[in-house]
Each structure stands twice: as structure tokens, then as C-alpha cells.
Amino acid sequence: MSELRWNPLMGEWVATATHRQARTFLPPADFCPLCPTKPGGFPTEIPEATYDIVAFENRFPSLTPEPPAPAVEASELYPVRPGQGICEVIVYTENHNATLAQEPVEQIHQLVQVWTNRFRALQSAEFAKYIFIFENKGEAIGVTLHHPHGQIYAYPFVPPRILTELEQTRAHMDATGRCLLCDILAEERRDGQRIVAENDSFAAYIPFFARYPYEVHISSTRHLQALTDLSETEGRDLAAMLKTVLAAYDKLFNLSFPYMMVLHQRPTDGGDYGHYHFHIEFYPPLRTATKLKYLAGSETGAGMFINDTLAEEKAAELRALVAPVIWEKGGAR
Ligand SMILES: [Zn+2]
Ligand SMILES: [Zn+2]
Ligand SMILES: [Zn+2]
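## Describing the coordination of the zinc ion (ligand 2)
Coordination of the zinc ion (ligand 2) by the protein is provided by Cys179 (SG), Cys182 (SG), His223 (ND1) and His277 (ND1), with metal-donor distances spanning 2.0 to 2.3 Å. For the zinc ion (ligand 2), the four donor atoms in the first shell make angles of 104 to 114 degrees at the metal, a pattern classed as tetrahedral. Motif for the zinc ion (ligand 2), donor spacing along one chain: C-x2-C-x40-H-x53-H. Here Cys182, found in helix α3 (residues 180–191), pairs with His277, found in the loop between β11 (259–264) and β12 (279–283); they are 95 residues apart in sequence, far enough to count as distant. Residue His277 is classed as buried on the basis of its relative accessible area of 0%.

## Details of helix α4 (residues 232–252)
Under the 1.5 Å per step criterion, the end-to-end length of α4 is 31 Å for 21 residues, consistent within 8% with the ideal 30 Å. Of all 21 residues that make up α4, 16 are buried, and the element is covered over most of its length. Downstream of α4 by one or two residues, Asn254 has phi in the positive range, about 50 degrees.

## Focus on the sheet that holds strand β9 (residues 202–205)
Here nine strands make up an open sheet; going across it, the order is β3-β5-β7-β6-β11-β12-β10-β9-β8 and the pairing antiparallel. Of all the strands in the sheet, just β3 (54–57) and β8 (195–198) have a single pairing partner and so form its edges. Across the sheet, the axes of successive neighbouring strands diverge by a mean angle of 20 degrees, strand direction being ignored. Pairing geometry for strand β5 (residues 86–91) and strand β7 (residues 149–155), over six bridges, is antiparallel. Considered in β7, the bridge of Ile86 is made with Ala154.

## Side note on the pattern of salt bridges
Throughout the structure, instances matching the rule amount to 14 salt bridges. For Arg190, the salt bridge identified is with Glu187, shortest N-O distance 3.4 Å. Residue Arg190 and its partner Glu187 are located together in helix α3, separated by three residues, close to a single helical turn. For Glu187, a relative accessible area of 46% gives the class partly exposed. Of the charged contacts, one joins Glu317 and Lys314 as a salt bridge, the two residues approaching to 2.8 Å between their closest N and O atoms. In this pair, Glu317 and Lys314 are both assigned in helix α6 (residues 311–319), three residues apart and thus about one turn of the helix distant.

## Let's talk about the coordination of the zinc ion (ligand 3)
Coordination of the zinc ion (ligand 3) by the protein is provided by Glu165 (OE), Glu165 (OE), His264 (ND1), His279 (NE2) and Glu281 (OE), with metal-donor distances spanning 2.0 to 2.6 Å. Of note, the zinc ion (ligand 3) draws all its donor residues from one chain, in the sequence arrangement E-x98-H-x14-H-x1-E. In this pair, Glu165 is assigned in helix α2 (residues 160–176) and Glu281 in strand β12, connecting sequence segments 116 residues apart. The buried category is assigned to Glu165, whose relative accessible area is 18%. A relative accessible area of 4% places Glu281 in the buried class.

## Remarks on the pairing of β12
The element β12 is extensively covered by neighbouring structure, given that five of its five residues are classed as buried. Residues His279, Glu281 and Tyr283 point to one face of β12 and Ile280 and Phe282 to the other, with burial holding for every one of them. As defined by bridge partners, β11 adjoins β12 across five bridges and the pair is classed as antiparallel. Its bridge partner lying in β12, Met261 is registered against Phe282.

## Observations regarding the side chain of Glu3
As for its placement among the helices and strands, Glu3 is situated in strand β1 (residues 2–7). A distance of 3.0 Å separates polar atoms of two side chains, one belonging to Glu3 and the other to Arg5.

## Here we look at helix α1 (residues 105–122)
For α1, with 18 residues, the first-to-last C-alpha span of 25 Å sits near the 26 Å given by 1.5 Å per residue. Those residues of α1 lying buried are Val105, Gln107, Ile108, His109, Leu111, Val112, Val114, Trp115, Thr116, Phe119 and Leu122.

## Overview of the packing of aromatic side chains
Inspection of every chain in the model, using the stated rule, returns 15 aromatic pairs. Each residue in the set Tyr214, Tyr249, Phe253, Phe257, Tyr259 and Phe282 is aromatic and connected to the rest through ring pairs, giving one cluster. A cation over an aromatic ring shows up here: Arg81 above the ring of Trp13, its NZ or CZ 5.2 Å from the ring centre. One cation-aromatic arrangement involves Arg211 over Phe305; the distance from NZ or CZ to the ring centre is 4.2 Å.

## Let's talk about the sheet that holds strand β4 (residues 80–82)
Taking strand neighbours across the sheet as the criterion, the three strands line up as β2-β1-β4 in an open arrangement whose pairing is antiparallel. Only two strands of the sheet have a single neighbouring strand rather than two, namely β2 (12–17) and β4. Neighbour-to-neighbour, the strand axes of the sheet open up by a mean angle of 30 degrees, direction not taken into account. Direction of pairing for β1 relative to β4: antiparallel, over a ladder of three bridges. Note on β4: the bridge partner recorded for Arg5 is Val80.

So, how was this worked out
Residues numbered from 1 in each chain as written. Chains lettered and ligands numbered in written order. Predicted model: local features only at pLDDT ≥ 70, side-chain atom pairs only at ≥ 80, totals over all residues. Heavy atoms only, no water. Donors = N, O, S within 2.8 Å, 3.2 Å for Na, K, Ca; no water. Tetrahedral: all angles 85-135°; square planar, octahedral: opposite > 155°, others 65-115°. Helix = DSSP H or I, 4+ residues; strand = E, 2+ residues; numbered from the N terminus. Buried < 20%, exposed > 50% of the residue type's maximum accessible area, 1.4 Å probe, protein only. Expected span 1.5 Å × (residues − 1). Pairing = 2+ DSSP bridges. Axes fitted to C-alpha atoms, helices over the stretch in contact; angles between N-to-C directions. Salt bridge = Lys/Arg side-chain N within 4 Å of Asp/Glu carboxyl O. Polar contact = N/O pair within 3.5 Å; in protein donor to acceptor, adjacent residues only side chain to side chain. Phe/Tyr/Trp six-rings, centres within 6.5 Å; stacked < 30°, edge-to-face > 60°. Lys NZ or Arg CZ within 6 Å of the ring centre and 35° of its normal.

Take a look at the structure:
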């Protein structure tokens, strides 16, 4: 059903999950599995009549807590291991037609709290070495359900992109005694051209080295490693910064802006990651209102991205669309 196969050439695991072929693909709103079950209607994933935010295990997981033994035999060259892990779905609201960008900042703050609680809960699973929180949004990047939701994977290893960031931040710390992401944030602030928005605890910028035209990163001002390190005020400021960026995205082309959103936090394998620094990265596939950025030969085959735009210009576009975030309790921040 599901297993992890080792790629010795790249030094990374690949999950097979053939049962996922059967998963629900863009169902009509009446048959959305993430809407609450209606009286007398077909039973969805969510029995409650009303909910704010709910998290539950994915019905078509690529990793499961108690996986079956692999269906293929390992060899010396090709190690195989069970597809152990956890795949959760977080439904942001019961409103089928909403998007995170349209949610009130209070609701986004509640999502930050749910993320934090799930991170804390899932890291206690002995096999969970990395908790990956993310959202795929929009048909342009292949979502199979329109209902606003995100996902959490608990991996039984630290995934490759995180490993690379951990190595780079470790090397920078060893060489300079400073945090690489603190240094990046300081440089972006000094330069200023690529900053999209700032509040007391977070800054959003399109980094100097962006691979996608509208690739925004949100980084905490304070040096911290995970959601669980956020103070109450920082949690609120993160919600406000997410609202700011998402609202500006939607205004860009007057459409519900597709993106991948990923949270980069420390691993949960018990190691010391004081050199790492919590941040969020967005990879939107749109270059213009109608043109997608495709991952073609250079990006996919060589790993070198070609960005047709300048981060300085795209950041200025987004910055011009930034509006104050209104809290119903507590006014604008
Ligand atoms: Zn729905
Ligand atoms: Zn730092
Ligand atoms: Zn990162």
C-alpha cells in the first residue's frame, strides 16, 4: 500500500502511495468531504454541524502511524522501509467557498494556535523526526479539494530541503557565530527594496535569491526555532502578517491567488537546533494573471531555477497593495 524507497543517487526517500490514485478529485460542493455533514445528507469527514477549525487524519495518507510491511524486498543498494508517519488535514473553516486570505485575522490567529498545538502533539510520536505544516492552494498547483484546508505531515526523517537549510545555517554559525536567517533578515531590512511588510514581530520579504516571481518569506524578528517558541504577542503578529501577505496576493491580479505555503521549523528528533530560525515560505506558481511558472528542464533536471523577474520589482508591486490589518478586538496593528 505504501512504503519508502531509498534513492541512493540523491540520498533521499521516495514514498509510494498507490492507493492515493482513488482519492476524491474536485467534487462538486454538494459532495465536499470537508463540509460538515448536513442533516439527512451524505456523511462527510466531519460529523459536527458546525466547526471553526478541525484537524483529522487524511483518508488517503501517504504515511500512516502503523504502516504495513513494505510490499517489495529491500536490497543492499535499495533499502526500503515502511511508510511510517502521520498525514493530517486541517480544515480552516466550515465555509466551503472561503479562503484563508478572506478569513478575519482572529480566525487566522486561531489557525496559528491549532498549528502550534498539532506541532506539540505530533512531535511526541517517537517516529516523528520532522513535522511539516503546509498548504497547497488553487487548481494551478493541483489541489483536489477546493474547501479551504491545509495539511500536516509527520515524517520519519528530516526531509532534504530542511537538511540543506540546517547544514547551511550550521556552517554560517560556525564561521561567523551568527544565525544565517537573522543575517538575511538584517540584510533585507538594510536594503529595504525587497521588503513587502513589517510588524513588531515579523517581516515579509521576497528574498534576494527568490526562485519564483512572488516568493514571499515571512521571518520572525526574534531568533526562535518553532511555533512553540512564539509568545502570545508574536502569535498575534504572525496572524496579522499572514493576513497582510495573503490579502496583498489576492489584490495582485484580482483573483484568488494560488500558492504553496510551507512552514520551516526545527526538526523534532531531539537534536540541538539553536542555529536554526523559524520562517514561512510561499511559492506561488503565477508569473502574471494568466501565465504560470512551469518547472521545466533546468529547474527539475538540474535544480537551477530561472526567475524571469526581479525580486525588487515584484516586492514593490506587493508592497503597494499592503493594507492595515483590522482586529475586531484591539483595532489596527
Ligand atoms: Zn466544502
Ligand atoms: Zn536567527
Ligand atoms: Zn526555508
